Amino acid sequence: MSKNLTRRDFVASLAALAGAAPVTTPRAADPLQVGFVYVTPLAPLGWTAQHNEGRLQLERVLGARVKTRYVDKVAEGADAERVIRDLATQGCGLIVTTSFGYMEPTLKVARQFPKVVFEHISGYKSAANVGFANARFYEGRYLAGMVAAGVSRTGVAGCVAAFPIPEVVQGINAFVLGMRSVNPKAELKVVWVNSWYDPGRERDAALTLMNQGADVLTHHTDSTATSVAAQEQQRWCVGYHSDGRALAPTSQLTAVTHHWGDFYVRSAQSVLDGTWKPSGLWGGLREGMVRLADFGAAVPEALRARVRERQSAIAAGKFHPFSGRLLDNEGRVRQEAGSMADEALNRIDWYVQGVQGKLPRT
């Protein structure tokens, strides 16, 4: 969950990370207390579920050296600040906050607890005791778009999206670029629901998109309502965050899944060792933070092979989803050649050719 950042923000963040010294935490016999803050209810699948899987992996790998806890359904803003401060007061030596709107509350509490380490997911600001990390979701989105276009009969897909911020727009654009690498005339329709988690509204948006001719659906929201609606209406879908095959057994073509456990283990281990330093990790297919779930039966073998080949190229750094000449959906040239830099990706506020409609302004 990301947001626009200015060049000054971006450069300042990198400079702060480069000059940071390790946060030294005294080693002790007591386990490291690790607290997690979740923005949505903990459900079997979704954004929060994947972070919780990472928490459980942390427990499995480090065993008695750590003790974890979590608080879910924490609203962004003042409530988040209260919860983060409570975890620090209760003795947590490492606190992980898992939504973009937690960035400022995390930084505020971190100033009050300089000996506590904080990891913020999806932000871009750091401090002496605050690191940040995110996943290159757009890499998986590009591959999923290839799958969608290769199976779609109408050439029209639909996306249920939360908020028009760069992280979400990256995924929408990458999905269409992947689609158009298979079908140059493919199009994507988007319905914005202005919520990370609202199953009822997400379902209504999915039904609207299907009524508008979309025969493949995907989403960038936290519930599984879109995939469930596709299964009920016998349309194709691409899952997000988690592998939703159990809920859409015949509809799901694949899913873009996120994996945080390795990062959480490394972070906690470095706190235990007294070597933790703030970092700004943005990991994707190469690091295993983004993966593509198994293909559904409807995906032909030739398409599977093509997607796997492109997946290997992205992971090896030989192909970038945002490469070559790029036009926006109003026909303006946004990039003549080369690959889009991270700074530009983190500021993207326009649709590529193939996305219908205008991007709402935040």
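Residues numbered from 1 in each chain as written. Predicted model: local features only at pLDDT ≥ 70, side-chain atom pairs only at ≥ 80, totals over all residues. Heavy atoms only, no water.

## Thoughts on the pairing of strand β3 (residues 94–97)
Neither face of β3 is left uncovered, since the one carrying Leu94 and Val96 and the one carrying Ile95 and Thr97 both have all their residues buried. Note that strand β1 (residues 32–37) and β3 share 4 bridges and pair parallel. Looking across to β3, one finds that valine 34 is bridged to leucine 94. When β3 meets strand β4 (residues 117–121), the two strands line up parallel, connected through 4 bridges. Of the residues in β4, the one forming a bridge with leucine 94 is valine 117. Regarding the hand of the β-α-β motif, the stretch spanning β3, helix α4 (residues 103–112) and β4 is right-handed. (Buried < 20%, exposed > 50% of the residue type's maximum accessible area, 1.4 Å probe, protein only. Helix = DSSP H or I, 4+ residues; strand = E, 2+ residues; numbered from the N terminus. Pairing = 2+ DSSP bridges. Right-handed = clockwise from strand over helix to strand, strands pointing away.)

## Section: unusual backbone geometry
Of note in this structure, lysine 73 is not a glycine but carries a positive phi near 55°. Among the structural elements, lysine 73 can be located in the loop between β2 (66–71) and α3 (78–89).

## A word on the packing of helix α5 (residues 137–151) against helix α6 (residues 166–182)
The description of two helices packed together rests on the angle between their axes and the distance between the axes. It is at 6 Å that the axes of α5 and α6 come closest, and there the two elements cross at 40°. As for how α5 packs across α6, the hand of that crossing is right-handed. Facing α5, whose interface residues are Phe137, Tyr138, Arg141, Tyr142, Ala144, Gly145, Met146, Ala148, Ala149 and Gly150, α6 presents Glu167, Gln170, Gly171, Ala174, Phe175, Leu177, Gly178, Met179, Ser181 and Val182. Residue classes in the contact of α5 with α6 are distributed as 12 nonpolar, 6 polar and 2 charged. (Axes fitted to C-alpha atoms, helices over the stretch in contact; angles between N-to-C directions. Left-handed = near helix turned anticlockwise from the far one by under 90°. Contact = heavy atoms within 4.5 Å. Nonpolar A, V, L, I, M, F, W, Y, C, P; charged D, E, K, R; others polar.)

## Digging into α4
For α4, the complete set of buried residues consists of Met103, Pro105, Thr106, Leu107, Val109 and Ala110. Residues of α4 that are buried sit in contact with α3, β3, β4 and β5 (130–135).

## Things to note about the sheet that holds strand β6 (residues 156–161)
Strand order in the open sheet formed by 6 strands is β7-β6-β8-β9-β10-β12, with mixed pairing between adjacent strands. Looking at strand neighbours, the two that pair on one side only are β7 (187–192) and β12 (290–292), the edges of this open sheet. With direction set aside, neighbouring strand axes in the sheet form an average angle of 20°. One ladder, built from 5 bridges, connects strand β9 (residues 236–241) with strand β10 (residues 252–258); its direction is parallel. Looking across to β10, one finds that histidine 241 is bridged to threonine 257. Packing of α6 onto the sheet brings it into contact with β6, β7, β8 (216–220) and β9, and relative to β7 it is tilted by some 160°.

## Section: the side chain of threonine 106
On the secondary structure map, threonine 106 appears in helix α4. Classification of threonine 106 by relative accessible area gives buried; the value is 0%. Within polar-contact distance, the side chain of threonine 106 engages the backbone oxygen of tyrosine 102 at 2.6 Å. If we skip the residues at most four places from it in the chain, threonine 106 touches Ile84, Thr97, Phe118, His120 and Val130. (Polar contact = N/O pair within 3.5 Å; in protein donor to acceptor, adjacent residues only side chain to side chain.)

## Some points on the packing of helix α2 (residues 47–62) against helix α9 (residues 261–273)
At a minimum axis separation of 8 Å, α2 and α9 run at an interaxial angle of 50°. One finds that α2 runs oblique with respect to α9. The way α2 lies across α9 gives a crossing that is right-handed. Seen from α2, the contacting residues are His51, Gly54, Arg55, Gln57, Leu58, Val61 and Leu62; seen from α9, they are Gly261, Asp262, Tyr264, Val265, Ala268, Gln269 and Leu272. Of the residues belonging to the contact of α2 with α9, the class tally is 7 nonpolar, 5 polar and 2 charged. (Parallel < 35°, antiparallel > 145°, perpendicular 65-115°, else oblique.)

## Topic: the packing of aromatic side chains
Tallying each qualifying case throughout the model produces 13 aromatic pairs. Taking 6.3 Å as the distance between ring centres and 25° as the angle between the ring planes, the aromatic pair formed by phenylalanine 100 and tyrosine 124 counts as stacked. With phenylalanine 100 in the loop between β3 and α4 and tyrosine 124 in the loop between β4 and β5, this residue pair connects regions lying 24 residues apart in the sequence. Here the two residues phenylalanine 100 and tyrosine 124 agree in accessibility, since each one is buried. Residues phenylalanine 163 and tryptophan 196 carry aromatic rings whose centres are separated by 5.2 Å and whose planes lie at 70° to one another, so their mutual orientation is edge-to-face. Taken together, the positions of phenylalanine 163 in the loop between β6 and α6 and tryptophan 196 in the loop between β7 and α7 (199–211) put the pair 33 residues apart, joining distant regions of the chain. With relative accessibility at 27%, the residue phenylalanine 163 sits in the partly exposed group. (Phe/Tyr/Trp six-rings, centres within 6.5 Å; stacked < 30°, edge-to-face > 60°.)

## Examining the nonpolar core
Counting 96 residues, the largest nonpolar core has Ile172, Val190 and Phe322 as its most contacted members. It is α5 that contributes the most residues to this core, 10 residues altogether. The contact partners of valine 190, leaving out residues within four places of it in the chain, are Cys159, Ala161, Ile172, Leu209, Tyr351 and Val355. Counting 13 residues, the second-largest nonpolar core is a separate cluster that includes Val156, Val193, Ala206 and Leu217. (Core = buried A, V, L, I, M, F, W, Y, C linked by side-chain atoms within 4.5 Å.)

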